[in-house]
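These are the residues of each chain, in order.
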Amino acid sequence: MKTLIKNGRVIDPANKIDSVCDVLIDSGVITEVGVNITANADETIDATGLLITPGLIDLHTHLRDPGQEYKEDIISGTRAAAAGGVTSLTCMPNTTPVNDCLAITKYIISRAKEEGSANVFPIASISKGMKGEILSEMGELKAGGCVGFSDDGVPVVSGELMRRAFEYADTFDMPILTHAEDLTLVAGGSMNDGPVATELGLKGIPWVAEDAATSREIMLAEFTGGRLHVCHVSTKGSVDLVRQGKARGVRVTCEATPHHFTLTDEAVRGYNTNAKMNPPLRSQEDVDAVRAGLADGTIDAIATDHAPHHYDEKNVEFAVAMNGIVGLESMLPLSLNLVEEGVITLNQAISLLTSQPAQIIGIDRGTLGVGAIADIALIDPALEWEFKAENLQSKSKNTPFSGWKMKGAAVKTILAGKTVYSR
Amino acid sequence: MSFNPKHILGIKNLTADEINFILDTADSFKEINTRQIKKVPTLRGKTIVNLFFEASTRTRTSFEIAGKRLSADTVNISASSSSVVKGETLEDTAQNIEAMHPDIIVMRHSASGACDYLAERLNCSIVNAGDGTHEHPSQALLDAFTIRQHKGDIKGLTVTIAGDVAHSRVVRSNIHCLNKLGANVRITGPKTMLPPGLEKLGCEVFSNLNDAITGADCIMMLRIQHERQGKTLIPSLREYSRFFGLNDENLKLAKKDAIVLHPGPINRGVELSSSVADGKQNVILDQVENGVAVRMALLYLVAGGEKLQDE
Ligand SMILES: [Zn+2]
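**Comments concerning the sheet that holds strand S5 (residues 158-162) of chain B**
All names here are of chain B.
Here is step 1: Read from one edge of the open sheet, five strands run S7-S6-S5-S8-S9, paired in parallel fashion. Each of the sheet's edge strands pairs with one partner strand only, and the pair in question is strand S7 (203-206) and strand S9 (259-261). Averaged over neighbouring strand pairs, the angle between their axes works out to 20° when direction is ignored.
Here is step 2: Two elements, S5 and strand S8 (residues 218-221), share four bridges in a ladder whose sense is parallel. Bridge pairing in S8 links Thr 160 to Ile 219.

As structure tokens, this is what we get:
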């Protein structure tokens, strides 16, 4: 089966390509990229006016499967990914039971292969049961297909265990992905500490809870020589710490979410539980710092922290509502908005969404090079549309962006040569 | 040359010539152990105290037999019967023993530096039988002796040491000894078990066992003491054996005639598969046998090393 995509603007940061040309796919693999390809294709797609980019890669999805399928499962989650132009994602291990063993890793991978609409690369837990006591069997988990380790949401408290985690993971050349948060400083807070929290009478989570933890993890990475990826940086301090760490040669990368570069804690007003997440929405100064980090290369990837929750888990008092929002279907337009606002270039945006995240977890995706697996997003950058929670592919509808006017969307998502989403 | 050290505290301060002299001396003692009557009068009238603050059946027995075969009077004092439990300090205990005029104290202690500490304070000779995770010279020497026995010259051999380097009692002495004798020393293990600075000690460090043993002449597997090291260093013994254990499969990566050493006691199915533990490439029992001869040599040299009587 041959598919020819014609006349699109190919943006392939991994190969430093940005030009209008054609892409030929044969049997799920990219076989030619060039001008005026003439081939007998079974299918020809006219991409005039569209961007042809590698399928997007999300380093931070909660698929909730196994165990919490009422929020999301592998089928619905990867369908949401496809609708957002995402062809590869990593899923976090805080499922029920926790992904800390080969059996669960294998379940996730095989189910995604059989029924999913995106490639799923599991992140296994750092510690067994995410209890922060005993390391997971990282060697075996890597052999089984995991691409990194994280106790996302339940950060490892013990400095000793975290040190060993870096050393042990590095033995197998694997990264530690950290949700940087000092839980003793969070102390029951439910939104960003600051004037809005004071006004609303909500207990705040101070920036130092994130900065202190980010600082420890960067120092441990520096000390052990291990590899660190800081998840969802949300504070000015965290961005600065990563920038300084990189300058010192620490093996550290980081990601930022669209909500942290788009919204401030003002969004919480009205006790909007769809603006409750962890880390919380921060101040304008923090948002500006995250944007600056994206612009100057301190931040390596844009990731969703897609965290589906049931309506009933959000339809409660703010303090007891679950943390997190869905993000797979809003990541692309919110990222393109940064281009629109002149914060980053289009090439930077695509690179933050494709080749750079691929590099962090060491997967052979995020490129349109000849011989690469044909995971492709066709993006209409000019398409104006209204983002509506009820139209989401995800089982959960917890988003603060419902009703927003968006510009830019994936109009076709191709997974190994097969169309998995069409708008 | 002649070499009559007051103490044997470690390998670090020995020269290659001194090490070879000890090994040559051990060679000449080895034959005694296979005689019908395994006893020579060399150390008749000398008193040796085996002062063991930590249990070690193997090392203590080996030193005791070594002393007895040289006709010394040997006395064993173990921690449980010593005054430690009554709150006596190390110096007081040792001074009380010295008041009885032993010639040599063979000492094992859980604290690194304990043997050096006593050597500075007592008049008798001290032979270190393992101080914490510092030195264990007699083990390193018997390993070198065993390698020499199977490989001839140690110079130029590639020796891979694998396992829990951080907590090993023997590995530092082995590194010094093998380096001084001209071997290429490779070290491997999970990074949680590799302390910093091994390169500075003259080792090549590998994070992957297969890479570390490829083309090796000798493989020295260290004992995993999961119960002692706490649970943070490795996830499980099962995973350890899969990625850091020696088995028939990965042993093929070493030279065809490679030998496998282990300081004992071995954990079958953990650092060594049973088939390797029972296989013909392992020389573990040779190590135990050679240990007696090496310790005879150490006691003999420390005691003054008069010309070996041959009857
Ligand atoms: Zn998180």
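**Focus: the packing of helix H12 (residues 331-340) of chain A against helix H13 (residues 346-353) of chain A**
Between two packed helices, both the angle of their axes relative to each other and the distance between the axes serve to describe the pair.
Residues and elements named next belong to chain A.
Here is step 1: For the pair H12 and H13, the least separation of the axes is 9 Å and the interaxial angle reads 150°. Considering their axes alone, H12 and H13 lie roughly antiparallel with respect to each other. Helix-helix and strand crossings are classified by hand; for H12 and H13 the assignment is right-handed. Mapping the contact onto sequence places Met 331, Leu 332, Ser 335, Leu 336 and Val 339 in H12 and Leu 346, Ala 349 and Leu 353 in H13.

**Details of the environment of Lys 12 of chain B**
Here is step 1: Inspection of the secondary structure puts Lys 12 of chain B in the segment before helix H1 (16-30).
Here is step 2: The contacts of Lys 12 of chain B, once residues within four sequence positions are left out, are Glu 135, His 176 and Lys 180 of chain B.

**So, empty space enclosed by the protein**
Residues and elements named next belong to chain B.
Here is step 1: All chains considered together, the criterion is met by five cavities of 30 Å³ or more.
Here is step 2: Its volume calculated, the largest cavity comes out at about 90 Å³.
Here is step 3: For the largest cavity, the full set of lining residues is Arg 58, Thr 59, Ser 62, Gln 139, Leu 142, His 262, Pro 263, Gln 287, Val 288, Gly 291 and Arg 295.
Here is step 4: Only helix H2 (57-69), helix H5 (137-151) and helix H11 (284-302) provide two or more residues apiece to the lining of the largest cavity.
Here is step 5: With four residues, the single largest contributor to the lining of the largest cavity is H11.
Here is step 6: Partitioning the lining of the largest cavity into residue classes produces three nonpolar, six polar and two charged.

**Some points on the domain arrangement of chain B**
When the parts of a complex come together, some accessible area is lost, and that lost area is often taken as the interface size.
Residues and elements named next belong to chain B.
Here is step 1: In terms of domains, chain B is made up of domain 1 (16-135 + 290-303) and domain 2 (137-288).
Here is step 2: With 27 residues of domain 1 in contact, the opposing surface of domain 2 contributes 27 residues.
Here is step 3: Interface area for domain 1 against domain 2, summed over the two sides, is near 2200 Å², with a carbon-plus-sulfur share of 56%.
Here is step 4: When the area that domain 1 buries against domain 2 is broken down by residue, the three leading residues are Arg 58, Glu 135 and Asn 290, summing to 28%.
Here is step 5: In this structure, the connection of domain 1 to domain 2 is made through three salt bridges.
Here is step 6: Across the pair Glu 54 and Arg 169 runs a salt bridge, and its minimum N-O distance is 2.3 Å.
Here is step 7: Counting every contact that joins domain 1 to domain 2 gives 14 residue pairs in polar contact (both at pLDDT 80 or more).
Here is step 8: Broken down by secondary-structure element, the contributors of at least two residues to the side of domain 1 that touches domain 2 are H1, H2, strand S3 (104-109), strand S4 (125-131) and H11.
Here is step 9: In the side of domain 1 that touches domain 2, the residues fall into nine nonpolar, nine polar and nine charged.

About the cut-offs
Residues numbered from 1 in each chain as written. Chains lettered and ligands numbered in written order. Predicted model: local features only at pLDDT ≥ 70, side-chain atom pairs only at ≥ 80, totals over all residues. Heavy atoms only, no water. Pairing = 2+ DSSP bridges. Helix = DSSP H or I, 4+ residues; strand = E, 2+ residues; numbered from the N terminus. Axes fitted to C-alpha atoms, helices over the stretch in contact; angles between N-to-C directions. Parallel < 35°, antiparallel > 145°, perpendicular 65-115°, else oblique. Left-handed = near helix turned anticlockwise from the far one by under 90°. Contact = heavy atoms within 4.5 Å. 1 Å grid on protein atoms, 1.4 Å probe; cavity = no way out; pocket = protein on both sides within 12 Å on 5 of 7 lines; lining within 4 Å. Points joined across faces, edges and corners; volume = space filled by probe spheres on them. Nonpolar A, V, L, I, M, F, W, Y, C, P; charged D, E, K, R; others polar. Domains from an automatic or database assignment. Buried area = accessible area lost by both parts, 1.4 Å probe. Salt bridge = Lys/Arg side-chain N within 4 Å of Asp/Glu carboxyl O. Polar contact = N/O pair within 3.5 Å; in protein donor to acceptor, adjacent residues only side chain to side chain.

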